[in-house]
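Here is how the chains run, residue by residue.
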Amino acid sequence: MGLALLLAPLVLPAPGRMTELEWRALGLALVMALWWLTEAIPLPATALLPLAVAPLTGIASLEDVATSYSHPLIILFLGGFLIAKSIEKSGLHKRLAGTLLGLAGTSPRRVLGAIMLCTAFLSLWISNTASAMVVAPIAAAISSSQSDRLGFGTALMLGVAFSATIGGMGSLIGTPPNAIFAAFVSDEYGVNVGFAQWAALGIPVALVLLIAAWIILTWITPGVPTEALSTSFGTQGSPMQPSERRVAFVAGLTALAWLSRPLIEWLLPSVPISDAGIAMMAALALFILPDGNDGRLLDWNTAASLRWDVLILFGGGLALASIIEGNGLASLVAENLRATTYVSELALLFIIAALIVYIGEVASNTAMAAIFLPIAGAVAMNLGVDPVAFLVPIALAASIGFMLPVATPPNAIVFADPSVTRLDMLRAGAPLDVIALLIAVGASAFLAPVLF
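Predicted, not measured: the structure shown is a model, and the values here were computed from it.

1. Let's talk about the overall build of the protein
In terms of helices and strands, the protein carries 22 helices and 0 strands. In terms of overall size, the protein behaves like a compact globule, its C-alpha atoms giving a radius of gyration of 22 Å where 452 residues would be expected to give roughly 22 Å. Expressed along its principal axes, the backbone C-alpha trace of the protein runs to roughly 70 × 50 × 40 Å. Counting over 452 residues, the protein shows a buried share of 55%. Pairs at least 24 residues apart make up 75% of the contacts formed inside the protein by residues separated by at least 6 positions. By element, 68% of the accessible surface of the protein is carried by carbon and sulfur atoms, the whole surface being about 18,500 Å². Looking at the protein, you have 17 positive and 25 negative side-chain charges, and the mean spots of the two groups are 10 Å apart.

Take a look at the structure:
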């Protein structure tokens, strides 16, 4: 089916007012959407299609398409991944998790809150998949020791999955849709969204969502008992190793530089500083600094295992967005969407965001962002509203997915635990999807015009 969609625009005339280039771009967009939805071939392999197909069909030159795969936001992501690998190599992430759990005591609700807060915090800096994999074994150990407490183990595991996704929404490097949004508005509208600027919106949204998820898991479904746990799960805590202290210093300094970049630019306007440049300096420092044990804080064997597939998927998403926007296809779709949708701007925003959320339950969130951002941007231009503010809730909506095991990697990770069933995830995730959609669109409608 995908090959048929790809070849049809080459042998059939363009319909209606569509130009030949728009018709061919539509074929490429449809085959990528189909293969991303069905995973007929691996997701990153689909992301390589623009490199192979766009030059041959005359949609875009290889040079133009290839720039999407080396966008500054991809360099930022690469730097974030390298910092995350050094954190994992040193064991600092486990110490953070253990310390936070040590403060929670034996209250089941506090332990659940600590698990979720720890996972969300890690997801700000490392991928939601990695943060879920770090905290899930801790949650599983607690769950297995409390087998007589119905619902507690299920709530713990679902808390890990949900908070991993929510935490990623708070940071520009936390999840690919956020970075795709920043790259898209930079390329198309000349608006540069920095780490601190996104955090000003993303972190409040993530905190509210985290509280909502905790309330649902604690009070609604599956529910958490009120009796104290039989064991304290705080770690006794050995002294920090030199590698942990040094990685913490570099990571902390990097985060501080990201957050203070607007101030640095104001004080030193002649210094060409960027979030991606900061990430690269941090990554190189990790390769150079010794770990105190005859090694380095980061070595290439460790770095080689990072998520290169995510970077390729991210690049393919940007390439598709550029093709859809550059050939006028997004504007054409937006005109037709607006012509058939007699609703207000806010209602239209909710409709697009809801489509992304519920299609995204069975598809890649990166793919959803790549497909819908250029279309939503064209809708905004057609409506005569600020496209950047209009796109913020679209980017946030692309990360929402709590109902099904296939929706996000964290969901799939915790679904492997016997305490979590598909029905458990659906019962807790369905209302959280709705709440997250309302919060993401509602908060963005008020804050995005001010911040962006």
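So that's the structure; there's more coming.
2. A look at the nonpolar core
The biggest cluster of nonpolar side chains holds 148 residues, and the ones touching the most others in it are Leu-28, Trp-36, Phe-181, Trp-198 and Phe-452. In terms of residue count, helix H10 (residues 152-169) provides more of this core than any other element does, 11 residues in total. Aside from chain neighbours lying at most four places away, what touches Trp-36 is Leu-43, Thr-46, Ala-47, Leu-313, Gly-316, Gly-317, Leu-320, Ala-367, Ala-370 and Ile-371.

3. Comments concerning the pattern of salt bridges
Enumeration according to the criterion identifies 3 salt bridges in this entry. Notably, a salt bridge pairs Arg-24 with Glu-20, separated by 3.8 Å at the nearest N-O pair. Placement of both Arg-24 and Glu-20 in helix H2 (residues 20-38) is noted, with a separation of 4 residues, approximately one turn of the helix. Its relative accessible area of 25% is what places Arg-24 among the partly exposed residues. Residues Asp-299 and Lys-89 are paired through a salt bridge, measuring 3.8 Å at the closest nitrogen-oxygen approach. Pair noted here: Asp-299 is in the loop between helix H14 (275-288) and helix H15 (300-303) and Lys-89 is in helix H6 (residues 72-90), with a separation of 210 residues, a long-range link.

4. A few points about the environment of Leu-426
Relative to the helices and strands, Leu-426 is located in helix H22 (residues 422-451). Residue Leu-426 is classed as partly exposed on the basis of its relative accessible area of 36%. Remark: the alpha-carbon pair of Leu-426 and Leu-404, spanning 22 residues in sequence, is separated by 6.4 Å. Filtering out sequence-adjacent residues up to four positions away, Leu-426 remains in contact with Met-403 and Pro-431.

5. Some details on helix H1 (residues 2-11)
Of the positions making up H1, those classed as buried are Gly-2, Leu-6 and Pro-9. Buried residues of H1, viewed axially, fall in a sector of 65 degrees; they line one side. The exposed set on the far side of H1, more than 90 degrees from its buried face, consists of Leu-3 and Val-11. On its buried side, H1 packs onto H2 and helix H4 (49-57).

6. Section: the side chain of Ser-163
Here Ser-163 shows up in helix H10. Of the residues examined, Ser-163 reaches a relative accessible area of 0% and is grouped as buried. When sequence neighbours within four positions are dropped, the list of residues in contact with Ser-163 reads Ile-115, Met-116, Thr-119, Ala-120, Ser-123 and Leu-210.

7. Some remarks on the packing of helix H16 (residues 308-326) against helix H19 (residues 365-383)
As a packed pair, H16 and H19 sit with axes 8 Å apart at the nearest point and diverge in direction by 15 degrees. In terms of axis orientation, H16 runs roughly parallel to H19. The way H16 lies across H19 gives a crossing that is right-handed. Contact residues: Leu-313, Phe-314, Gly-317, Leu-320, Ala-321, Ile-324 and Glu-325 in H16; Thr-366, Ala-370, Ile-371 and Pro-374 in H19. In the contact of H16 with H19, the residues fall into 8 nonpolar, 2 polar and 1 charged.

8. Some thoughts on the packing of aromatic side chains
Here the structure, examined in full by the defined rule, presents 5 aromatic pairs. Seen in terms of ring centroids, Phe-184 and Tyr-189 are 5.9 Å apart; in terms of plane orientation they differ by 85 degrees. Their pairing is edge-to-face. Accessibility expressed as a relative area gives 4% for Phe-184, which makes it buried. Given the relative accessible area of 21%, Tyr-189 is considered partly exposed. Chaining the aromatic ring pairs together yields one cluster made of Phe-287, Trp-300 and Trp-308. The cationic tip of Arg-109 hangs over the ring face of Trp-219; the distance from NZ or CZ to the ring centre is 3.8 Å.

9. Some remarks on unusual backbone geometry
Here the residue pair Thr-221 and Pro-222 is connected by a cis peptide bond, since its omega of 0 degrees sits within 30 degrees of zero. Residue position: Pro-222 is located in the loop between helix H12 (195-220) and helix H13 (242-267).

10. Section: the environment of Leu-76
Tracing the sequence through the fold places Leu-76 in helix H6. Leu-76 gets classed as buried once you look at its relative accessible area, which sits at 2%. As for Leu-76 and Ala-199, which are separated by 123 residues in sequence, their C-alpha atoms are 15 Å apart. If near-sequence neighbours (up to four positions away) are discounted, Leu-76 is found in contact with Leu-172, Ile-173, Trp-258, Asp-275, Ala-276 and Ala-279.

11. Considering the confidence of the model for the protein
Looking at the protein, pLDDT values average 82 and 91% of them are 70 or higher. This stretch, residues 232-236, has a pLDDT under 50; its non-local contacts, to residues over four places away or in other chains, come to 10 contacts.

12. Regarding H4
Among the residues of H4, those classed as buried are Leu-49, Pro-50, Val-53, Ala-54 and Thr-57. Taken around the axis of H4, the buried residues stretch over an arc of 100 degrees, which confines them to a single face. Positive backbone phi, approximately 80 degrees, marks Gly-58, located one or two places after H4.

About the criteria used
Residues numbered from 1 in each chain as written. Predicted model: local features only at pLDDT ≥ 70, side-chain atom pairs only at ≥ 80, totals over all residues. Heavy atoms only, no water. Helix = DSSP H or I, 4+ residues; strand = E, 2+ residues; numbered from the N terminus. Rg over C-alpha atoms; globule rule 2.2 N^0.38 Å. Buried < 20%, exposed > 50% of the residue type's maximum accessible area, 1.4 Å probe, protein only. Contact = heavy atoms within 4.5 Å. Areas by Shrake-Rupley, 256 points an atom, 1.4 Å probe, with all protein chains shown as cover. Lys, Arg positive; Asp, Glu negative; His and termini not counted. Charge placed at Lys NZ, Arg CZ, Asp CG, Glu CD. Core = buried A, V, L, I, M, F, W, Y, C linked by side-chain atoms within 4.5 Å. Salt bridge = Lys/Arg side-chain N within 4 Å of Asp/Glu carboxyl O. Arc of directions from axis to C-beta. Axes fitted to C-alpha atoms, helices over the stretch in contact; angles between N-to-C directions. Parallel < 35°, antiparallel > 145°, perpendicular 65-115°, else oblique. Left-handed = near helix turned anticlockwise from the far one by under 90°. Nonpolar A, V, L, I, M, F, W, Y, C, P; charged D, E, K, R; others polar. Phe/Tyr/Trp six-rings, centres within 6.5 Å; stacked < 30°, edge-to-face > 60°. Lys NZ or Arg CZ within 6 Å of the ring centre and 35° of its normal. pLDDT = per-residue confidence, 0-100.

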